[in-house]
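So you can see what is in the structure, the chains are spelled out below.
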Amino acid sequence: MQYHNNNNEREFAGLTSGKVEPQGIDEKSMDFIQIGEFRLYHQTNELIKDERSITLDPRLLSLLTFLVDNPNRIIGRDELQDAIWQGSIVTDNAINKLVANLRKAFCDDPKSPQYIQTVPKQGYRFIAPINIGADDNTPSAMQPTAQQRLPGWYLRLGVILFVGLLGSFIWQHVNTPKAQYGESRALSRVSGGKLFPVVLAEQAHVAFLNVTATQGRRLWVADYASVGSALPKPIEAPDYHLQQLLGSQGEYLVFKGYYKEQCGWFKARLDIAGQQLSPPSEALYNCDLIYHDSIYVAGADTIYALAHERRFEHKNELYALSFTSQIKKLPTNLEPSWRLAYLDAHPDTAQLLLTAHTNDGNSRVLSYESESAQQVLQLSLTGLMHGAIWDHDHQGVVFSSSSPRTQMYHQTFTESEPTLLSSLSDKICCNIARHSNGVDYIFTTYDKNIELQWLETGFVLDNSNGLDRSPRLAHTDLGVYFISDRSGSSQVYYQRPQEQARPLSALPEHVRLRDMTLSPDDELLLINHDNHAMWLIPTNEAQQGNTLYFDGYIYQQSWLSNSLFALSVKQNEQKRVQIYNRQMQLVAQLPQDWMIALTDPTTPQYVYLTDKEHMLYRFPFASILNGIERSAGEKIGQLEAFSSLELENGKVYLMTKEWHELVRYNLSDEGLQPLSRQDIGAYMGFDVRDGQVIYGRKAAFRSDVYSTVAR
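In this text the structure is predicted, and so the values were computed from the model without any measurement.

A. Inspection of the overall build of the chain at higher detail. Secondary structure assignment for the chain yields 5 helices and 55 strands. Considering the chain as a whole, with its 711 residues, one finds that 52% of them fall into the buried category. Long-range pairs, those at least 24 residues apart, make up 44% of the contacts in the chain between residues at least 6 apart in sequence. Accessible surface for the chain amounts to roughly 32,300 Å². Of this, 48% is attributable to carbon and sulfur atoms.

B. Geometry of the nonpolar core. Ranked by size, the top nonpolar core spans 32 residues in total, and within it Ile35, Leu64, Phe106 and Phe126 carry the most contacts. Looking at this core, the elements with two or more residues in it are β2 (31-35), β3 (38-41), α1 (58-69), α2 (77-84), α3 (92-106), β8 (123-126) and β9 (130-134). Leu209, Ile235, Leu253 and Leu277 belong to the second-largest nonpolar core, a separate cluster that totals 20 residues.

C. Seen up close, unusual backbone geometry. Even without being glycine, Asp301 reaches a positive phi, approximately 50°. With respect to the element layout, Asp301 can be found in the loop between β20 (290-297) and β21 (302-308). A relative accessible area of 24% means that Asp301 is categorised as partly exposed. One non-glycine residue, Ala373, lies in positive phi territory at about 65°. Considering the arrangement of structural elements, one finds Ala373 in the loop between β26 (362-369) and β27 (375-382).

D. Quick look at the packing of α1 against α2. Packing of α1 against α2 brings their axes to within 10 Å, and their N-to-C directions diverge by 125°. By the angle between their directions, the pair α1 and α2 is classed as oblique. Crossing of α1 over α2 shows right-handed handedness. Of the residues in α2, those touching α1 at Arg59, Ser62, Leu63 and Phe66 are Glu79, Leu80, Ala83 and Ile84. Looking at the contact of α1 with α2 residue by residue, the classes come out as 5 nonpolar, 1 polar and 2 charged.

E. Region of the structure containing the sheet that holds strand β42 (residues 553-559). Read across the sheet, 4 strands follow the order β42-β43-β44-β45 without closing on themselves; strand pairing throughout is antiparallel. Looking along the sheet, the strands with just one partner apiece sit at the ends: β42 and β45 (586-589). Across the sheet, the mean angle separating the axes of adjacent strands is 25° when strand polarity is ignored. In terms of strand pairing, strand β43 (residues 564-571) meets strand β44 (residues 574-581) through 8 bridges, oriented antiparallel.

F. Region of the structure containing α2. Regarding α2, the residues found buried are Leu80, Gln81 and Ile84. Taken end-on, α2 shows its buried residues confined to a sector of 100°, consistent with a single buried face. Among the exposed residues of α2, those pointing more than 90 degrees away from its buried face are Asp78 and Asp82.

G. Region of the structure containing the pattern of salt bridges. Counted according to the given criterion, the structure contains 29 salt bridges. The closest approach of N and O atoms between Arg364 and Glu335, which form a salt bridge, is 3.0 Å. Remark: Glu335 occurs in the loop between β23 (325-330) and β24 (339-345) and Arg364 occurs in strand β26; sequence separation between them is 29 residues. Look at Arg364 and you get partly exposed, because its relative accessible area is 21%. The class for Glu335 is partly exposed, based on a relative accessible area of 39%. Among the charged side chains, a salt-bridge network with shared partners connects Lys104, Asp462, Asp468 and Arg486.

What counts, and at which threshold
Residues numbered from 1 in each chain as written. Predicted model: local features only at pLDDT ≥ 70, side-chain atom pairs only at ≥ 80, totals over all residues. Heavy atoms only, no water. Helix = DSSP H or I, 4+ residues; strand = E, 2+ residues; numbered from the N terminus. Buried < 20%, exposed > 50% of the residue type's maximum accessible area, 1.4 Å probe, protein only. Contact = heavy atoms within 4.5 Å. Areas by Shrake-Rupley, 256 points an atom, 1.4 Å probe, with all protein chains shown as cover. Core = buried A, V, L, I, M, F, W, Y, C linked by side-chain atoms within 4.5 Å. Axes fitted to C-alpha atoms, helices over the stretch in contact; angles between N-to-C directions. Parallel < 35°, antiparallel > 145°, perpendicular 65-115°, else oblique. Left-handed = near helix turned anticlockwise from the far one by under 90°. Nonpolar A, V, L, I, M, F, W, Y, C, P; charged D, E, K, R; others polar. Pairing = 2+ DSSP bridges. Arc of directions from axis to C-beta. Salt bridge = Lys/Arg side-chain N within 4 Å of Asp/Glu carboxyl O.

Here it is in structure tokens:
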């Protein structure tokens, strides 16, 4: 990432490590740990042997670090769970899979282990020789000595600690003392996804929404002042459906949602001791806009929100709301390519903090005076900032980075490099709040493990702990393309049988890959970036292809032939199917009645369309270019609501929208004939080739509310 202040421009590198590395120094020339035949470089999270390099994801790195710190002793599952998952309950399968992935990285045979030995009914033992070394371009650098073995590891740690303490001593005598960050503490220990933490300063609690499949969004509170084992408490909120927490005013909570089935904004007394949310004391019933981010300013008793009218997709405007007046739009001045993504307010200043993004991954931070509408550019960077808020002194921002998503930073407007506040194995997203102690920050995390699976037996898949999803089976080869975050950012990988997955051309670190589809000749991947852009990328070239941007949402993409593909796009409240060629030129647009277009590779002379009622039709292929007339089509049959749809060899494969069940139909002269229905939980994409189904499903999930612990 590159940072630029509003006074001058300075290139900033090394954001992921929280420091700027001197120019001309290769990261691989730094200290490493020799583990058997491999070297572990902590600066790059790389495990290297000869020409082979593997980048470890945060959880694998945590496991390896723990094993290196505890060699030649039996480590039980409970101890691994406490160390790697920090006390959260996980299944034995999750532990087995993590250990198996680390073995795979070492090419270690569990039947004849050289690195990780299984001790039946007890746990694991790390048996590889461990040495400390440094590259100095001399042959002797590779020769371990007695001083380099494990005791040297502790000696090195002691030297690092001494240098750190010495540097800290010098810093405190030359500059104003600063809080030291690094440790974080979990405040929530309940299952579910955590959203929208709001600090209740007078009660020394944090309120948040906890999302589960069975109970939906439910209000909880946690005591952040207690360092003991106090558990979070659920809050009863009768007649409410809470969507977003905005802030607090004394013992009152301000939030958006529904009360007695009426949508609006509410202020209600929160009784923590009684675990009860009272009926609203004030309410504003107005949900005409689509809201993306909101904040409550207690001093002004005002809500500020980023929202847009329903016909303008993702063109956020700034609005002010109060319980005594109507919604007011505030003027902002941004170029057309920028969109407002986050906002924040600070109790000690009248200025708002606005964060803007572009589709190609740039960010700007602006201060905004609500009375005068004056906005000042404070910071700009290449890369996406997530959840940005004012720091405690409103002299900078706190945010989570786009790559890796496991780190949170503080960046002042006067300094050229950020300070690392927290680095976890879980992703930090997307809500950050200031702690009432004036130093720390409270934030939410999530860790979702998505893995690929075959419906029936197929070749062994190279899964990781990095959101492996959206599989696409090759047509001309035996292999699978898929999206994964295993490297710390979303990238496309390809795996053949009995081989490890390899990345294709490197995509920008900021990308949010939603889905993709593969051309019938396997030459091109059509990739959906954040539902607002499409990339056409060659599968056999290390380069990024053409890009197509949309002022709207792309919710479906499919190849119709080697030269044409279809996009289902929602713009200005209208859904249309658009047809493009390989040069990404629009060649046809279907009437508004049609939602999705796709083909069956075994019958290329036809194109299949679905309408708003999920009715499936068949048309001659040429009609998509010459004009579709509903009367010229053949009605096949009624489909149920679906999230994704595939056709192959005269069969329809449908993933239901609500329950993620795979439903199969046979296409015949009599219409649709149901064949089977299976609950497989494949909500992260699926594909089918020769009747073999591959899909992405959730293997594990955890989410927490954390607080930094400044020293």
